[in-house]
Amino acid sequence: MSHSETTASADPSSAWFSVRRGILNLLSLLAIVIVGLSLSSSWFQPPPQTQLDLLQTDLALQASRTLDDPRYQDLARALLGQDVFKVAQNRYQQTADNYTERLKRLKRLARLTPAGESEVASPEPAQSPEVDPALLASMQDLQTELDALWLRLGLLYAYQEDLEAAQQQWQQIIDLERPVELESSQKGAARVLQGLWGTPRRILPEAEVQIRNHLDGWFEAVALQQLYRLQQRSDSLNALNQQQEKLALAALFRLAVVGGIPVLGALLGLMLLLGWLGWSLWRKRPLLGPAWEVPWPGIGAQAVLTGWFLGFIALNALVPRLYIIILGLGARQLSPWQQAVALFLTYNSGAVLGAGLLYRLLHTYPGWQRVLQVRLWGPWLLWGLCGYWVALPLVVLAAALSQLLLPQAGGGNPILPLLLDSHGWGARLVFLAVVSVCAPVFEEVLFRGFWLPTLSRYLPMGAAIGLSAFTFALAHLNLSDLLPLTMLGVVLGVVYSHSRNLLAPILLHSLWNTGSLVTLLVLGGAR
């Protein structure tokens, strides 16, 4: 044994450092395992793009009346096409098939099957095995969404005079062999629709209440029209038709906004990207900025990221529960406003934790301000705006590639369903604060201001940007957004590498999130 090895083995501080390094590595491994489990569990969840596609489909159905209006016929044909109902039927059918397959996977995991699928039929209802509560809740949520799809799909078939197919869709909701744990609250609405389009026609008690409680938009209008015709309520039918004409025009303009602005933005972004690449090659300018001189060590960055991630997971479970206990309500009893406040508290508690970990590391290393730079003057506004437009076509391409490579990938932003269920501007403003201010500021400080420069100390700049972008995407814990968010992270990294000002990626990130939020609100108008 050499003298240096003997000294190192005898040095207690060196031994303690090795122990701490080992503990940190174990915690980092735990964080990686949690990420892997979260990604695998997201496989069973409906992807967010599916929900957005259905919202856009609902808008198209709502706007379909304008196809017969000479004033708006040309615009309607350009936006909707000629066969809007067949397109909607195919999209709903594909989504229902997708959800059915996901539910089968969950049932296999839980070993929960309908009594009719058991090997030996029993006159008594078979007792279902014990099922993990979280798994059961996922199955119940997915079954509820699937029943809603069948309810609407049946109306699409009925509207196109395929009554046999419509009755089959509604009968799936009333399935008597369904496990009791997955009983549907939409059975009443399905029976009402079966009666309205059955032979002979039947009007069940509280038919209008069931329709209004379980349907919305175009689907609600179609069901109410059939009900009013059978009840011979001509005044109600005329009032409904007048209302639908106004809603159809509003839906058409919503579609023009949702479809037109992103396309124009993507074209502008593509021109900006090609122009910037051509200018850089012509002037022989590097496509990426230089690496940073980082004063803190890599193990410090590992400790910050690991501590933040594990702490954020713990706070994500703890903060909402404490909030619910303080309110004295159940998780499913929270109003959209209360859910928005819970999200605000949860996210910002994690952000405060991350800021504290960063401060504890950075304040011991003079010169860290030269890395995490924030300057009000300079071209950061131009970098942020141009980066946003350039990100549009690139992220769209990444999303298309994700659909091709991972067609069954699920997961998504948990804010999406909360935002769609919110109707007051109070809750929406809280969501806006989280999405457009809190998330861009903290995530850009952590992933671009801190993690990217750290990686540039050990890796080539291109690899550092790619790995920091991938880490940023992984932190969102869902498969469906993995490739699109990685691409967005790459654009954010390139912008920061050139601007050297955190305000540039913060602006880009804020514009991106705000645009997604506005799109959701516009699409949600179909309801």
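The rules we used
Residues numbered from 1 in each chain as written. Predicted model: local features only at pLDDT ≥ 70, side-chain atom pairs only at ≥ 80, totals over all residues. Heavy atoms only, no water. Helix = DSSP H or I, 4+ residues; strand = E, 2+ residues; numbered from the N terminus. Buried < 20%, exposed > 50% of the residue type's maximum accessible area, 1.4 Å probe, protein only. Contact = heavy atoms within 4.5 Å. Areas by Shrake-Rupley, 256 points an atom, 1.4 Å probe, with all protein chains shown as cover. Axes fitted to C-alpha atoms, helices over the stretch in contact; angles between N-to-C directions. Parallel < 35°, antiparallel > 145°, perpendicular 65-115°, else oblique. Nonpolar A, V, L, I, M, F, W, Y, C, P; charged D, E, K, R; others polar. Polar contact = N/O pair within 3.5 Å; in protein donor to acceptor, adjacent residues only side chain to side chain. Left-handed = near helix turned anticlockwise from the far one by under 90°. Salt bridge = Lys/Arg side-chain N within 4 Å of Asp/Glu carboxyl O. pLDDT = per-residue confidence, 0-100. Core = buried A, V, L, I, M, F, W, Y, C linked by side-chain atoms within 4.5 Å. Phe/Tyr/Trp six-rings, centres within 6.5 Å; stacked < 30°, edge-to-face > 60°. Lys NZ or Arg CZ within 6 Å of the ring centre and 35° of its normal.

**Observations regarding the overall build of the protein**
Inference 1: Looking only at helices and strands, one finds 19 helices and zero strands in the protein.
Inference 2: Buried positions account for 45% of the 527 residues belonging to the protein.
Inference 3: Contacts in the protein between residues at least 24 apart in sequence constitute 77% of all its contacts with a sequence separation of at least 6.
Inference 4: Carbon and sulfur atoms provide 63% of the accessible area of the protein, an area that totals close to 27400 Å².

**Examining the environment of Leu455**
Inference 1: With respect to the helices and strands, Leu455 occurs in helix 16 (residues 425–456).
Inference 2: On a C-alpha basis, the gap between Leu455 and Gly298 in space is 8.0 Å, while along the polypeptide they are 157 residues apart.
Inference 3: Each residue touching Leu455, except ones within four places of it in the same chain, is listed here: Ala464, Leu467 and Ser468.

**Examining the packing of helix 9 (residues 207–214) against helix 10 (residues 217–231)**
Inference 1: The geometry of helix 9 relative to helix 10 is characterised by a closest axis approach of 9 Å and an angle of 170° between their N-to-C directions. For the element pair helix 9 / helix 10, the angle class is roughly antiparallel. Across the interface between the two elements, Ala207, Glu208, Ile211 and Arg212 from helix 9 touch Glu220, Ala223, Leu224, Leu227 and Tyr228 from helix 10.
Inference 2: Grouping the amino acids of the contact of helix 9 with helix 10 by side-chain chemistry returns six nonpolar, no polar and three charged.

**Focus: the side chain of Ser28**
Inference 1: Within the element layout of this structure, Ser28 appears in helix 2 (residues 12–42).
Inference 2: Side chain to side chain, Ser28 and Thr306 meet in a polar contact 2.9 Å long.
Inference 3: Other than its neighbours up to four places away in sequence, Ser28 contacts Gln302 and Thr306.

**Here we look at the packing of helix 6 (residues 133–159) against helix 7 (residues 163–173)**
Inference 1: The geometry of helix 6 relative to helix 7 is characterised by a closest axis approach of 7 Å and an angle of 165° between their N-to-C directions. The orientation of helix 6 relative to helix 7 falls into the category roughly antiparallel. The interaxial crossing formed by helix 6 with helix 7 has left-handed handedness. In this structure, helix 6 contributes Asp147, Trp150, Leu151, Leu153, Gly154, Leu155, Tyr157 and Ala158 to the contact, and helix 7 contributes Leu163, Ala165, Ala166, Gln169, Trp170, Gln172 and Ile173.
Inference 2: Tallied by class, residues from the contact of helix 6 with helix 7 come to 11 nonpolar, three polar and one charged.

**Examining unusual backbone geometry**
Inference 1: Residue Thr199 is joined to Pro200 through a cis peptide bond whose omega torsion reads 0°.
Inference 2: Checked against the element boundaries, Pro200 lands in the loop between helix 8 (187–196) and helix 9.
Inference 3: One non-glycine residue, Gln232, adopts positive backbone phi at about 55°.
Inference 4: With respect to the element layout, Gln232 can be found in the loop between helix 10 and helix 11 (234–282).
Inference 5: At Lys284, a residue that is not glycine, the phi angle is positive and equals roughly 55°.

**Digging into the environment of Asp53**
Inference 1: Here Asp53 is to be found in helix 3 (residues 48–63).
Inference 2: Separated by 42 residues in the primary sequence, Asp53 and Thr95 have C-alpha atoms spaced 9.7 Å apart.

**Quick word on the pattern of salt bridges**
Inference 1: For the structure shown, the criterion picks out seven salt bridges.
Inference 2: For the salt bridge of Glu183 with Lys187, the shortest nitrogen-to-oxygen distance reads 2.8 Å.
Inference 3: For Glu183, a relative accessible area of 38% puts it in the partly exposed group.
Inference 4: Between Glu444 and Arg448 there is a salt bridge, with the nearest N and O atoms lying 2.8 Å from each other. Placement of both Glu444 and Arg448 in helix 16 is noted, with a separation of four residues, approximately one turn of the helix. Exposure class is identical for Glu444 and Arg448. Each is buried.
Inference 5: Each of Glu208, Arg212, Glu220 and Arg233 takes part in one network of salt bridges that share partners.

**Focus on the confidence of the model for the protein**
Inference 1: For the protein, per-residue confidence averages 85 on the pLDDT scale, and residues scoring 70 or more make up 87% of the total.
Inference 2: Overall, residues 1–10 carries pLDDT values under 50, and its contacts beyond four positions in sequence, including any with other chains, amount to three contacts.
Inference 3: Here residues 114–128 is a poorly scored stretch, pLDDT under 50, and it has seven contacts once near neighbours within four places are set aside; other chains count.

**What to know about the environment of Phe472**
Inference 1: Tracing the backbone shows Phe472 in helix 17 (residues 461–474).
Inference 2: Its relative accessible area of 0% is what places Phe472 among the buried residues.
Inference 3: Beyond its immediate stretch of four places on either side in the chain, Phe472 contacts Glu443, Phe447, Arg448, Leu485, Gly489, Leu492 and His509.

**Details of the nonpolar core**
Most often, soluble globular proteins have nonpolar side chains that are buried together.
Inference 1: Within the largest apolar cluster, 64 residues are counted, with the highest numbers of intra-cluster contacts made by Trp296, Leu446, Phe450 and Leu488.
Inference 2: Contributions of two or more residues to this core are made by helix 2, helix 12 (298–327), helix 13 (336–362), helix 14 (380–405), helix 16, helix 17, helix 18 (482–499) and helix 19 (503–523).
Inference 3: Element by element, the count of residues in this core is highest for helix 16, at 13 residues.
Inference 4: For Leu488, the contacting residues outside a window of four places in its chain are Ala391, Val395, Leu508 and Trp512.
Inference 5: One finds Tyr99, Ala165, Leu182 and Leu227 within the second-largest nonpolar core, a separate group that totals 60 residues.

**Re the side chain of Ser456**
Inference 1: By the secondary structure assignment, Ser456 is in helix 16.
Inference 2: Under the relative-accessibility criterion, Ser456 is labelled buried at 6%.
Inference 3: Only 2.7 Å separates the side chain of Ser456 from the backbone oxygen of Pro453, close enough to count as a polar contact.

**Considering the packing of aromatic side chains**
Inference 1: Enumeration according to the criterion identifies 17 aromatic pairs in this entry.
Inference 2: Note on Phe85 and Tyr159: the rings are 4.8 Å apart at their centroids and 35° apart in plane angle, and the pair reads as tilted. Pair noted here: Phe85 is in helix 5 (residues 84–110) and Tyr159 is in helix 6, with a separation of 74 residues, a long-range link.
Inference 3: When its relative accessible area of 18% is taken as the criterion, Phe85 is described as buried.
Inference 4: The exposure class of Tyr159 is partly exposed, given its relative accessible area of 40%.
Inference 5: Measuring from ring centre to ring centre gives 5.8 Å for Trp308 and Phe442, while their planes differ by 50°; the resulting arrangement is tilted. Separated by 134 residues along the polypeptide, Trp308 in helix 12 and Phe442 in helix 16 bring together distant segments of the chain. One exposure class covers both Trp308 and Phe442, and it is buried.
Inference 6: In textbook terms, an aromatic cluster arises when at least three aromatic residues are bridged by ring pairs, as seen for Trp308, Phe309, Phe312, Tyr347, Phe442, Phe447 and Phe472.
Inference 7: Its end group placed over the ring of Phe219, Arg152 keeps NZ or CZ at 5.7 Å from the ring centre.
Inference 8: Seen from the ring of Trp292, Arg500 lies directly overhead, with NZ or CZ sitting 3.9 Å from the centre.

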